[in-house]
Amino acid sequence: MVNPLAQLWPNGRRLDRLVARFTGQGSSISRPCGLPRARYTVFVRYEPGEAVRAFAIADEQGRRWPDWRGLPAPGEVIAPLVQELLPAGIYRAQVETATPSCGWDIQVVLNSMQSWRAVPAAWQPLSSPPNAATVHSGGSQALLVEQTGEYRVDWWLGERAVHPRVFHPYTLRLRAADGHGVELGAGGEKGGRRINPVFLSAGDWTVEMTANVPWELTVSPLVGPTGGGARGF
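A short tour of the structure in this document, coming up. Everything numeric in this text was worked out from a predicted model, so none of it was measured.

**Comments concerning the overall build of the chain**
Turning to step 1, where the next piece is worked out: For the chain, the count of helices and strands is one helix and 20 strands.
Turning to step 2, where the next piece is worked out: Across its three principal axes, the chain shows a C-alpha extent of roughly 75 × 40 × 35 Å.
Turning to step 3, where the next piece is worked out: Residues counted as buried form 41% of the 233 residues belonging to the chain.
Turning to step 4, where the next piece is worked out: Contacts spanning at least 24 positions in sequence make up 78% of the contacts within the chain whose residues lie at least 6 apart.
Turning to step 5, where the next piece is worked out: When the accessible area of the chain is evaluated, it comes to approximately 12,400 Å², of which 52% is carbon and sulfur surface.
Turning to step 6, where the next piece is worked out: Side-chain charges of the chain comprise 23 positive and 20 negative groups, with the mean position of each set lying 9 Å from the other.

Laid out in structure tokens, this is it:
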């Protein structure tokens, strides 16, 4: 007998809907999450990535996804599951890190239904996005990141109203309380490079800017869709 679902939707009901999300720090097992039989993509962000020792989506029978044979280190893989067919069941995300301050964000996107079961509701944030934070030369270089997540970092050096634009030599990084750093950019008189957006762990950071002119830096939460069903805050 031909499955009528396969006749109507050869690849299932296409949705690309974010249905579960887990955010935390350090080694942890998430709360349980019921998922219908469907194809899923799982997006994972870590900070710092080199602190991640293991990652898996596991069901109640002890089966784990993905199979890491042939894959890079867990902290280097942003999408460990892509269009993976998972049976209906109760799942938990498992993260093992070398440091308790390693922040992570796991997003489970339902790509397409493979059954007639009801589609899970779309994930909704439980709180408002964190506030933007601004630091400038001449003031405190301390920066508080309220929630782990993806942020846009904007900065300027010298006079904003100068025309034509003048480039100033500088280096910029953020330093976490545990000592590790996140490079954001560097520049010289002919231009420079900027890394944006960046994934940051919640906690206290210090802005390390080397420049011989006044500067200002603002860290803002990235809000809304980020592609493939994933979201910012």
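Now that the structure has been shown, the text picks up again.
**A word on the side chain of D105**
Turning to step 1, where the next piece is worked out: The topology assignment puts D105 in strand β9 (residues 103-113).
Turning to step 2, where the next piece is worked out: On the accessibility criterion, D105 (3% relative accessible area) is buried.
Turning to step 3, where the next piece is worked out: Within the local environment of D105, its side chain forms a polar contact with the side chain of T23, the two groups lying 2.7 Å apart.
Turning to step 4, where the next piece is worked out: Those residues in contact with D105 that lie beyond four places of it in its chain are R21, F22, T23, F43, V44, R45 and F199.

**Remarks on the environment of F55**
Turning to step 1, where the next piece is worked out: Structurally, F55 can be placed in strand β5 (residues 52-59).
Turning to step 2, where the next piece is worked out: Separated by 41 residues in sequence, F55 and E96 have C-alpha atoms that sit 6.4 Å apart.
Turning to step 3, where the next piece is worked out: If we ignore the near neighbours within four places in the chain, the residues touching F55 are V42, V44, Y46, P66, W68, P74, P80, Q94, V95 and I106.

**A few points about the sheet that holds strand β12 (residues 149-157)**
Turning to step 1, where the next piece is worked out: One open sheet accounts for four strands, arranged β10-β18-β12-β16; its pairing is antiparallel. Looking at the sheet topology across the chains shown, the edges are occupied by β10 (133-136) and β16 (198-200). Averaged over all adjacent pairs, the angle separating strand axes in this sheet is 30°, with direction ignored.
Turning to step 2, where the next piece is worked out: Pairing between β10 and strand β18 (residues 215-221): four bridges, direction antiparallel. Note on β18: the bridge partner recorded for H136 is E216.

Criteria and thresholds
- Residues numbered from 1 in each chain as written.
- Predicted model: local features only at pLDDT ≥ 70, side-chain atom pairs only at ≥ 80, totals over all residues.
- Heavy atoms only, no water.
- Helix = DSSP H or I, 4+ residues; strand = E, 2+ residues; numbered from the N terminus.
- Buried < 20%, exposed > 50% of the residue type's maximum accessible area, 1.4 Å probe, protein only.
- Contact = heavy atoms within 4.5 Å.
- Areas by Shrake-Rupley, 256 points an atom, 1.4 Å probe, with all protein chains shown as cover.
- Lys, Arg positive; Asp, Glu negative; His and termini not counted.
- Charge placed at Lys NZ, Arg CZ, Asp CG, Glu CD.
- Polar contact = N/O pair within 3.5 Å; in protein donor to acceptor, adjacent residues only side chain to side chain.
- Pairing = 2+ DSSP bridges.
- Axes fitted to C-alpha atoms, helices over the stretch in contact; angles between N-to-C directions.

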